[in-house]
Amino acid sequence: MKQKDKDWKSKLLRVPPIYGLLALLAVASGTAFNVFMSLTPLKNYAATSHLSSSPASLTGILPGTLKHPTNILILGIDNSGHPHKGKFTPAEALSGNSDTMLLLRLLPDTHQINILSIPRDTLVHLDGVGIDKINDANVHGGTKLAATTVSKLLNRVPIDRYVRIDTEGFINLVNALGEVEVNIPKKMDYTDKTQHLSIHFSSGKQKLNGQHLQEYVRFRHDALGDIGRVQRQQEVLKDIISALISPTTLQKLPQILEVLKENIDTDLSVEEMLAVVGTVFKSDRQQVHLVMLPGRFSTKAEYRLSYWISEPQATTKILARYFDTSNAKLSENDVNSTQSQNFKIAVINATGQPESSARVISLLKKHGFRNTYVVKPAIETTMELSQNTQIIAQHGNPEAANAVGQTLGTGQVQVASVGDIFSDVTVVVGKDLLDKLKE
């Protein structure tokens, strides 16, 4: 990396939530731990703000192993409106809004990776501030207030460590990987000089470099706003994971590690980072679960500003299943209730043949799934002409998705929040299901 690329740029952009996870996944694409150890330790501007929930080391006796499930808060900082207009220190650059948030849970015993996206507009009560959006927590109290606020929002879930990152690191990381192929669902044209945004994309599958990919994941100028952006980011996460596990990635590992060294602020020690790397490397790629904080948009009658208001009951179930909160154990009734045929099923046609939607709706209703409807593919990057049917557990409810899959007789179940936000399960109809219906 050139020296000028290591300097903090005069204009930092809005940071999408996927960056921190990509940083962790990048080093997991190879086993070059010795290379990692030889690098200068990661930037640590806030080492004194070590999160109190896990002051001790996260690692076990053997180097490079996590000794228990670990929760890592990932913050992406927006500095586009910084008052110093680019003349600020790295520490000051990290004092802006956490424009996006991820809570990452690593389970070393089961090799699972659970990821919760928290919309930036989520309504919370900030200590010493009052009612506010969660993205302001980092401004008023840094990583400690951000972690405290997230923990309160999520039923006191413990947060062990944090990672803060900048947009330029993401751009450099993607460029180190090479172009990433994504399927852009619709034409996108949006310019915002205050946010340094100039987004112009045609629809369809295409390869994007770091600059263009960060523009794509920042786009939110549509009906769903930040929620639609979160959905697209989850799709991009899957695309980048595919790129990371490619055999060609291993030879790029030194450059990727150099990017990480220069662009991450974290209270993970080098030993703990190695443990994270080892856990991610051993994880089952089919056990990556992507969920979003359940909620709804506020109304104008409730608040002057627009907020995302979390739904406590639905949140409790997600936390119990994917974050094992001690005060939110998932009951047998909760699991069995997803077997009910009253949940909402959205059907999206990805076959290019209009009649397929009606056939799928008819089959589902025949088997008792009455609350079934068709939606247009306005958001999903999976909405290309598809060979394989996708059955999306929209709210982290695989039992419901499996019940639908058993009825259809085909389809790949995935836990992600990339389907219709009003559904419990979204079926993206592929050619395999259409062929089965013709039998």
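Note that the structure is predicted; figures quoted are calculated from it, not measured.

## Side note on unusual backbone geometry
Trans is the common state for peptide bonds, and a negative phi is the common state for residues other than glycine.
Inference 1: Even without being a glycine, His-111 presents a positive backbone phi close to 60 degrees.
Inference 2: Note on placement: His-111 falls in the loop between β2 (97–107) and β3 (112–118).
Inference 3: Overall, the relative accessible area of 31% leaves His-111 in the partly exposed class.
Inference 4: Non-glycine residue Asn-155 carries a positive phi angle of around 55 degrees.
Inference 5: Among the secondary structure elements, Asn-155 is positioned in the loop between α5 (137–153) and β6 (161–165).

## Some remarks on the sheet that holds strand β15 (residues 345–349)
Inference 1: Strand order in the open sheet formed by 5 strands is β16-β15-β19-β17-β18, and the pairing between neighbours is mixed. This sheet does not close on itself; its edge strands, each paired only once, are β16 (372–374) and β18 (412–415). Averaged over all pairs of adjacent strands, the angle between their axes in this sheet comes to 25 degrees, without regard to strand direction.
Inference 2: The pairing of β15 with strand β19 (residues 425–429) spans 5 bridges and is parallel. Across the sheet, residue Asn-349 finds its bridge partner in β19, namely Val-429.
Inference 3: Lying over the sheet, helix α13 (residues 355–366) contacts β15, β16 and β19, oriented at roughly 155 degrees with respect to β15.

## Structural notes on the sheet that holds strand β12 (residues 288–292)
Inference 1: Strands sit in the order β11-β6-β1-β2-β3-β12 across an open sheet of 6 strands; the sheet is mixed. Of all the strands in the sheet, the pair left with one neighbour each is β11 (264–266) and β12. Averaged over all neighbouring strand pairs, the angle between strand axes comes to 20 degrees, with direction disregarded.
Inference 2: Sheet topology places β3 next to β12; 5 bridges connect them, and they run parallel. When the bridges of β12 are listed, Ser-117 appears paired with Met-292.
Inference 3: On the sheet, α5 packs against β1 (70–78), β2, β3 and β6 and is oriented at approximately 140 degrees with respect to β1.
Inference 4: Strand contacts of helix α11 (residues 312–322): β2, β3 and β12, with the helix running at about 160 degrees to β12, the strand carrying the most contacts.

The rules behind each value
Residues numbered from 1 in each chain as written. Predicted model: local features only at pLDDT ≥ 70, side-chain atom pairs only at ≥ 80, totals over all residues. Heavy atoms only, no water. Helix = DSSP H or I, 4+ residues; strand = E, 2+ residues; numbered from the N terminus. Buried < 20%, exposed > 50% of the residue type's maximum accessible area, 1.4 Å probe, protein only. Pairing = 2+ DSSP bridges. Axes fitted to C-alpha atoms, helices over the stretch in contact; angles between N-to-C directions. Contact = heavy atoms within 4.5 Å.

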